[in-house]
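# Chain and residue survey
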Amino acid sequence: VVQRARLHRTYYAINISSDGKELYLGGASSFIAVYDAQTLKKKAEIPMPGWSDQGASSLRIIRR
């Protein structure tokens, strides 16, 4: 283990941005958390529309 971060809630899915600079955590609750991949500091929290629970979903990034 090189580094770890304390999370505010449990997440079950992780995805890494294509440039490797951000981590996206989801798969639980109605938020997607965005963390800086190098420092592991939280950058943002994205609420899902309608407070949708992600318990039965997987996290994917789609480039537009």
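Residues numbered from 1 in each chain as written. Predicted model: local features only at pLDDT ≥ 70, side-chain atom pairs only at ≥ 80, totals over all residues. Heavy atoms only, no water.

Here we take up the nonpolar core. A general feature of soluble globular proteins is that nonpolar side chains tend to end up buried together. Grouped together as the largest cluster of nonpolar side chains are 6 residues: Y11, L23, L25, A33, Y35 and L40. Setting aside anything within four residues of it in sequence, one finds Y11 in contact with L25, G26, A28, F31, A33 and E45. (Core = buried A, V, L, I, M, F, W, Y, C linked by side-chain atoms within 4.5 Å. Buried < 20%, exposed > 50% of the residue type's maximum accessible area, 1.4 Å probe, protein only. Contact = heavy atoms within 4.5 Å.)

The tally for this structure, following the rule as stated, stands at 3 salt bridges. Notably, a salt bridge pairs K43 with E22, separated by 2.8 Å at the nearest N-O pair. Of the two residues, K43 is situated in strand 4 (residues 42-47) and E22 in strand 2 (residues 22-26); the sequence distance between them amounts to 21 residues. Several salt bridges share partner residues, and in doing so they unite R9, K42 and E45 into one network. (Salt bridge = Lys/Arg side-chain N within 4 Å of Asp/Glu carboxyl O. Helix = DSSP H or I, 4+ residues; strand = E, 2+ residues; numbered from the N terminus.)

With that out of the way, let us pick up the sheet that holds strand 1 (residues 13-16). One open sheet accounts for 4 strands, arranged 1-2-3-4; its pairing is antiparallel. Each edge of the sheet is formed by a strand with only one pairing partner; in this case those strands are strand 1 and strand 4. For this sheet the average axis-to-axis angle between neighbouring strands, irrespective of direction, equals 20 degrees. Sheet topology note: the strand 2/strand 3 (residues 31-36) ladder contains 4 bridges and is antiparallel. If you follow E22 over to strand 3, its bridge partner there is D36. (Pairing = 2+ DSSP bridges. Axes fitted to C-alpha atoms, helices over the stretch in contact; angles between N-to-C directions.)

Most of strand 2 sits inside the fold, with 5 of its 5 residues counted as buried. Residues E22, Y24 and G26 point to one face of strand 2 and L23 and L25 to the other, with burial holding for every one of them. Two elements, strand 1 and strand 2, share 4 bridges in a ladder whose sense is antiparallel. Directly across from N15, in strand 2, lies its bridge partner Y24. In textbook terms, the turn of a hairpin is the stretch between consecutive antiparallel strands, and for strand 1 and strand 2 this stretch comprises 5 residues, one of which, G20, has a positive phi near 75 degrees. Hairpin connection, strand 2 to strand 3: the antiparallel pair is bridged by 4 residues, and G27 has positive phi, about 85 degrees.

Here the focus is unusual backbone geometry. One non-glycine residue, L40, adopts positive backbone phi at about 60 degrees. By secondary structure assignment, the location of L40 is in the loop between strand 3 and strand 4.

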